Amino acid sequence: MEKEIMSDVKKYQKLEKLKKWRDEVQPIPWYFDGLENLCDRIHPEKQFLQVTDIKELSKDTKLFRFTSAKFNKPLAPFRAGQYIGLIVDINGVRTSRPFSLVSSPNQLAYYELGVKRKEIGFVSIYLLDKLKVGDILEATEPLGDLYYNRVFHGKDLVFIAGGSGITPFISMLRDITEQNLKLNVWLFFGCLTEDDILFREELEDIQRRRPNIKIHYILSEPGLGWDGACGFITKEKILDEIKSTEKKFFYIVGNRAMYSFIQEQLEELNISKSRIIFELFGVPDDVTEIIGWPKDITASKKVKITLDLIQQGKKVQETIEAPCVEPLLNSLEKEMNLGIIINSGCRSGACALCRTKLKSGKIFMLPEVKMREIDHEFGFIHPCVSYPLTDIEIEILN
Ligand SMILES: Cc1cc2nc3c(=O)[nH]c(=O)nc-3n(C[C@H](O)[C@H](O)[C@H](O)COP(=O)(O)OP(=O)(O)OC[C@H]3O[C@@H](n4cnc5c(N)ncnc54)[C@H](O)[C@@H]3O)c2cc1C
Ligand code: FES
C-alpha cells in the first residue's frame, strides 16, 4: 500500500514538473480545448469599442461607428436585430443603455448604432453631444431575442417600426438583402415628418433591388408635398398591403405609445400573441400612467432603500432615499459613492443581467415584463424595470 502511494506521489511530482516546464515554454490554459476560446469569442464578458466615425442621420439622430479597441479581440458576432448595452460614465455615474446594432451581421470589422436624442434624457444626450472620434466605451456582448428564427417565423415577415425603432430592421434588411434570403418582407415605418425617415436612401435602394421587400412610410405630421400614407399604422393600412394575415410573423419596435396602439390593431386582426415579437425602447416617461400603478402613490413620493452590500470583503448595510417613480436601477447608479456595480443589458426586464434579491417591501414591475418562475420563487427582481412602492430592502452581493 505504502509503495503504491509513493508511486502516485512520484507520478504527481513528475506531472507538476512537466506542467511547470510547459508553462514556462508556452503558457497555455490547462483547460485549453478550443471551446473556451470559441465561447469567449461569441460571448465576451465585455467589449471595448472605439468610435471611428460619427454621421448625422437627422436633426436629432446620429450614426456611430465603432471598431474593437483591442487589436487581439475581434468584435463579437451577432444576429441581425440584436442590441448591445453601451456602458458610459457620465460625471461619475456609471450606467448603460441598450442600442440595436444597425450594421450588417455579415461583417464584423465594425458595429454601427443609430442613437436618437431623448428630450429629457441622459445617456442619449451625452452620446450625441459629447462622444467624439477616438473615444473608447465599454459594451456588453450582443443580446436580445428580436431576430429572424427560420424554424418558427416562416417566410412572410411584417416589420413595424416607429421612429428610431427602425434600427434593428436596418440590420435585418441588410442581412436579408446581402444573403438574398427568400423571404417576403413588408416594412411599415411610422415617422413624424419626411425629415424623420432615417436611412431613407438605403431603404429605397433595397426596395429597388429586392422586389420581395416592400417598404411603406406612414407620416403622422406630413408636410404639404407628401403624397404617401398619413396618420398612424392601422390594421386597415397593414391589411391593405399584406392582403392576408395567414402565416405572417410580426415584429414591432418603437416606443410604448406606438406599441400599445399596434398591439390593439393586431389583436383586432386576430393575430395570436405567439406570432408577434416586440421590443420597447426605454422605460415609460411617466410610470404613474401605466396600467396597474397604485393611484395613491404620487410622483413626488420617496421611499427608503436599505442595501445589503459587500464592501472591502465585509457585509455592510446602507440606506438611501429614492423616488417611487424612478427605476430602482437608476436610483442605485446615482449613488456613486457606494461603488455599486449592477450589470445591465436590456434595461427592459428581458435579459436578467440585473437580477437582484428583494428581501422585503413592495415594488411595481412594468406589466410587459415576464419574470422567470424561479426568480419569483426566490424573490429576485429586475431593478431596471422595478419601482419601489414602500421602503424596501435589497441584497447586492457582487
Ligand atoms: C432593446 C433596446 C434597443 C434600443 N435601441 C435603440 C436604438 O437603436 N436607438 C435609440 O436611439 N434608442 C434605442 N433604445 C433606447 C435607448 O436604450 C434609451 O432608452 C434612449 O436612448 C434614452 O436614454 P436616455 O438615457 O437618454 O433617457 P432615459 O433612459 O429616459 O434616461 C433618463 C433617466 O436617466 C436618469 N438620469 C437622469 N439624469 C441623471 C443623472 N444626473 N445621474 C444619474 N441618472 C440620471 C434618470 O433616472 C432619468 O429618468 C433601445 C432600447 C432598448 C430596450
Ligand atoms: S438589464 Fe436586462 S433585465 Fe435588467
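Given the structure is predicted, the values throughout are model-derived calculations rather than measurements. (Residues numbered from 1 in each chain as written. Chains lettered and ligands numbered in written order. Predicted model: local features only at pLDDT ≥ 70, side-chain atom pairs only at ≥ 80, totals over all residues. Heavy atoms only, no water.)

Enquirer: Sorry, what's going on with the overall build of the chain here?
Expert: When helices and strands are counted, the chain shows nine helices and 19 strands. Referenced to the eigenvectors of the C-alpha coordinate spread, the extents of the chain come out at roughly 95 × 55 × 45 Å. Scored against the burial criterion, the 398 residues of the chain give a buried share of 44%. Long-range contacts, defined as pairs at least 24 residues apart, comprise 69% of the intrachain contacts of the chain with a sequence gap of at least 6. For the chain, the accessible area works out to roughly 22,400 Å², and carbon and sulfur atoms hold 52% of it. Within the chain, one finds 55 positive and 58 negative side-chain charges whose respective centroids are separated by 5 Å. (Helix = DSSP H or I, 4+ residues; strand = E, 2+ residues; numbered from the N terminus. Buried < 20%, exposed > 50% of the residue type's maximum accessible area, 1.4 Å probe, protein only. Contact = heavy atoms within 4.5 Å. Areas by Shrake-Rupley, 256 points an atom, 1.4 Å probe, with all protein chains shown as cover. Lys, Arg positive; Asp, Glu negative; His and termini not counted. Charge placed at Lys NZ, Arg CZ, Asp CG, Glu CD.)

Enquirer: Explain the nonpolar core here, please?
Expert: Side chains of a nonpolar character, in soluble globular proteins, are inclined to be buried together. Counting 33 residues, the largest nonpolar core has I305, L307, L332 and I394 as its most contacted members. Counting residues per element, the ones that place at least two in this core are β13 (302-311), β14 (314-323), α8 (328-334), β16 (363-365) and β19 (392-396). It is β13 that contributes the most residues to this core, four residues altogether. Grouped together as the second largest cluster of nonpolar side chains are 32 residues, A80, F159, C191 and I215 included. (Core = buried A, V, L, I, M, F, W, Y, C linked by side-chain atoms within 4.5 Å.)

Enquirer: Honestly, the side chain of R256 in this entry has me stumped. Any pointers?
Expert: Following the sequence through the fold, R256 ends up in helix α7 (residues 256-268). A distance of 3.3 Å separates a polar side-chain atom of R256 from the backbone oxygen of G282. Separated by 2.9 Å, the side chains of R256 and E368 make a polar contact. Setting aside residues up to four positions removed in sequence, R256 forms contacts with L280, G282, V283, P284, I290, L366 and E368. (Polar contact = N/O pair within 3.5 Å; in protein donor to acceptor, adjacent residues only side chain to side chain.)

Enquirer: Would you mind showing me how to read the sheet that holds strand β10 (residues 229-230) here?
Expert: For sheets, the rule is that strands pair by backbone hydrogen bonds, running either parallel or antiparallel. Taken in spatial order, the six strands line up as β10-β9-β8-β7-β11-β12 in an open sheet, and their pairing is parallel. In this open sheet, the two edge strands, each paired with only one partner strand, are β10 and β12 (276-280). Running at roughly 145° to strand β9 (residues 213-219), helix α5 (residues 200-209) makes contact with β8 (184-191) and β9 of the sheet. (Pairing = 2+ DSSP bridges. Axes fitted to C-alpha atoms, helices over the stretch in contact; angles between N-to-C directions.)

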